[in-house]
Amino acid sequence: VYSLSVTVGIGHLNEPKLGLAAVCEKVLAKQLNDAVAIQGGTITSYLTGSSAQEFDALLQKVSSVLMNPDLRQSLIDDAAEDVARHTRDLAPLPERQWKLRYKHIAFGSSDLVWDAEAYIASVKSLKTEDLEAVVDTYYTSANIVIGVACDLPLRTLRELMEKYFGQLPKGKKQQFEKLEYTGGYAQLPVVGGYKTIAIGWDVSDLSGVAEANVMMSMLSGRLERDLANTGAVREVKIAGYYG
């Protein structure tokens, strides 16, 4: 099996309107060979694959979707409803609320909090022209990285990439200029019996990423051992807006 990933430089941190990244991801994932979509603060990745014999057809399909996605309003409405159900399902969970609240305050943006229903209302207001603007701005060759895992010779692979993705509009690499998390959820009220401690560092200028990952893994393991008998849940991760 050959694997293909398409990573695009858009996420909650740089979406021009609340919920756009989430809705666009769902609309496109189904068209990209039913790709699995993974969303981050500044990127969205689509993961798919095929047999070696069908790889050429897969590249053609993905290329066609990237250059001419189906952005009908009915598909957008279906995706928005899916986001709304997911949001309402997760919003009441204390662990989810704490995590999202921390994302809001990590860089001093504690006032930037939307409640779940306001977020859902924004998601459901999205139109075809909103997604068209996102595709035109972010789904360009300068803002996309294609990843492939296969046993093809590198020269053959380069020829395939040029054949199928060489016609993508060049565009320009998009930079995010704000550090604010836009995935709105209600600000957490006091919840009896639930405590949390969140400690973060601004890692946007981090150098020595490999060493930092090793250190974070060691920290995670140490916390797991030290907190094993307390019933506490620990999470240690690195993200540009998370810490």
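Structure first, text after, so check above.
Per chain, residues are indexed from 1 in the order of the written sequence. Where local features are concerned, this predicted model is filtered to residues with pLDDT of at least 70; where side-chain atom pairs are given and counted, the filter is 80 or more; whole-chain, interface and lining totals use all residues. Note that water and hydrogens are dropped before the side-chain values are worked out from all heavy atoms of the structure.

Another aspect to go through is helix H3 (residues 73–90). Each helix is a run of H or I in the DSSP string that is no shorter than four residues. Each strand is a run of E no shorter than two, and both are numbered from the N terminus. To estimate the expected span of a helix, subtract one from its residue number and multiply by 1.5 Å. Helix length check: H3 (18 residues) gives 26 Å between terminal C-alpha atoms against 26 Å at 1.5 Å per residue, within 8%. Only protein chains enter the accessibility calculation, which uses a 1.4 Å probe. A residue is then buried if its area is under 20% of the maximum for its type, exposed if over 50%, and partly exposed in between. All of the buried residues along H3 are Ile 76, Ala 79, Ala 80, Val 83, Ala 84, Thr 87 and Leu 90. Down the axis of H3, the buried set is contained in an arc of 145°. They therefore lie on one face. Every exposed residue of H3 that faces more than 90 degrees away from the buried side is listed here: Asp 78 and Asp 89. This arc describes the spread of directions from the helix axis toward the C-beta atoms.

Between the rings of Phe, Tyr and Trp (Trp by its six-membered ring), a pair exists once the centres lie within 6.5 Å; its type follows the angle of the planes, with under 30 degrees stacked, over 60 edge-to-face, and the other angles tilted. Following the criterion strictly, the structure yields two aromatic pairs and no others. Between Tyr 2 and Phe 55, the ring centres sit 5.1 Å apart and the planes meet at 85°, which makes this aromatic pair edge-to-face. Of the two residues, Tyr 2 sits in strand E1 (residues 2–8) while Phe 55 sits in helix H2 (residues 55–67), which places them 53 residues apart along the sequence. For the pair shown, Tyr 2 and Phe 55 are each scored as buried. Judged by centre distance (6.5 Å) and plane angle (50°), the ring pair of Tyr 46 and Tyr 139 falls under tilted. Of the two residues, Tyr 46 sits in strand E3 (residues 44–50) while Tyr 139 sits in the loop between helix H6 (128–138) and strand E4 (144–149), which places them 93 residues apart along the sequence. Overall, Tyr 139 belongs to the buried group, its relative accessible area being 4%.

A few words on the sheet that holds E4. Strands pair, by our definition, only if DSSP identifies at least two bridges between them. Within the open sheet, the four strands sit side by side as E2-E3-E1-E4. Their pairing is antiparallel. The open sheet has two edge strands, strand E2 (36–39) and E4, and neither has a second partner. Here the strands of the sheet are splayed against their neighbours by 20° on average, with no regard to which way each runs. The sheet contact formed by E1 and E4 spans six bridges and is antiparallel. Paired with Ser 5 across the strands is Gly 147, a residue of E4. Lines fitted to C-alpha atoms define the axes, with helix axes restricted to the stretch in contact, and inter-axis angles between N-to-C directions lie between 0 and 180 degrees.

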